[in-house]
Amino acid sequence: MTEDTLIQAAPQNVGEMTDADAVGTVGSPDCGDMVRLWIKYKDRDGQKVIDKASFQSFGCQTAIAVANLATQMILGKTREEALTMDATELSKPLGPLPPMKIHCGQMVEGALKAALEAEATAKTAPPVATISPPASSTLHDALANAGKQVGKIKITMLKPETAS
Ligand code: FES
């Protein structure tokens, strides 16, 4: 997939994925916005790769655009390959982001990494410890659970940027 074909007028992968293997949610203390990202894996020649991804964003257009790109760029990648992708790579098809929008891409990177790490944690967690939060979790509920692992969902708050 070329960078041109990744950029579309409307986001393609918006919405909750009910059969996801992992979910990551990250909030930005800089602007108070959030991104939640779902991942579904499949087996390809004995290797587990990302088959589907979707997102919801309580954020600006930049966060929506980067999250949409991320859900396309990670397809076919292994968990380890996807973990190497940072905000710069995920937002590259958009061109350089203005300084005040860099944290928007970092929030998407954080949600992706939280989902990838939540999946790894969920694999090793005892099944009786798995608690599925209601599908209709609100932003308030998500923030109240920040920093906790709840079933497949891990919510991470990014550190505030420090003025230099
Ligand atoms: Fe909050 Fe972009 S995500 S300003």
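Structure shown above.
Residues numbered from 1 in each chain as written. Predicted model: local features only at pLDDT ≥ 70, side-chain atom pairs only at ≥ 80, totals over all residues. Heavy atoms only, no water.

Asker: Can you break down the nonpolar core residue by residue, with the values?
Answerer: Counting 27 residues, the largest nonpolar core has Ile-39 and Ile-74 as the members making the most contacts within it. Within the residue set of this core, elements represented by two or more residues are β2 (34–44), β3 (47–58), α2 (61–73) and α5 (102–124). Broken down by element, the residue count for this core peaks at eight residues, all from α5. Excluding residues that lie within four positions of it along the chain, Ile-74 makes contacts with Ile-39, Ile-50, Ala-53, Ala-82, Met-85 and Leu-112. (Core = buried A, V, L, I, M, F, W, Y, C linked by side-chain atoms within 4.5 Å. Buried < 20%, exposed > 50% of the residue type's maximum accessible area, 1.4 Å probe, protein only. Helix = DSSP H or I, 4+ residues; strand = E, 2+ residues; numbered from the N terminus. Contact = heavy atoms within 4.5 Å.)

Asker: Can you explain the layout of surface pockets? Please cite residues and give values.
Answerer: In this structure, the second largest pocket occupies an estimated 190 Å³ of space. In terms of lining residues, the second largest pocket is bounded by Ala-87, Thr-88, Ser-91, Lys-92, Gly-95, Pro-96, Leu-97, Ile-102, Gly-105, Gln-106 and Glu-109. Sorting the residues of the lining of the second largest pocket by element identifies α4 (87–91) and α5 as the ones contributing at least two each. With four residues, α5 is the single largest residue contributor to the lining of the second largest pocket. Each residue belonging to the lining of the second largest pocket can be placed in one class, and the counts come to four nonpolar, five polar and two charged. (1 Å grid on protein atoms, 1.4 Å probe; cavity = no way out; pocket = protein on both sides within 12 Å on 5 of 7 lines; lining within 4 Å. Points joined across faces, edges and corners; volume = space filled by probe spheres on them. Nonpolar A, V, L, I, M, F, W, Y, C, P; charged D, E, K, R; others polar.)

Asker: Residue-level account of the pairing of β2, with values.
Answerer: Taken together, the six bridges between strand β1 (residues 22–27) and β2 define a ladder with antiparallel strand orientation. Residue pairing across strands places Val-26 opposite Val-35, the latter belonging to β2. In this structure, the hairpin formed by β1 and β2 is closed by a connection of six residues, where Gly-32 is found at a positive phi of approximately 80°. Across 11 bridges, β2 lies against β3 in antiparallel orientation. Counted as the bridge partner of Arg-44 is Gln-47 from β3. (Pairing = 2+ DSSP bridges.)

Asker: Describe the pattern of salt bridges, naming the residues involved and giving the relevant values.
Answerer: Counting across every chain of the model gives five salt bridges. Here Asp-21 makes a salt bridge to Lys-40, at a shortest N to O gap of 3.6 Å. Of this pair, Asp-21 sits in the loop between α1 (3–6) and β1 while Lys-40 sits in strand β2, and the two are 19 residues apart along the sequence. A residue is classified by how much of its surface remains accessible, and Asp-21, at 22% relative accessible area, is partly exposed. Residue classification places Lys-40 among the partly exposed positions, given a relative accessible area of 21%. Salt-bridge contacts for Lys-42 lead to Asp-51; the nearest nitrogen and oxygen are separated by 3.7 Å. (Salt bridge = Lys/Arg side-chain N within 4 Å of Asp/Glu carboxyl O.)

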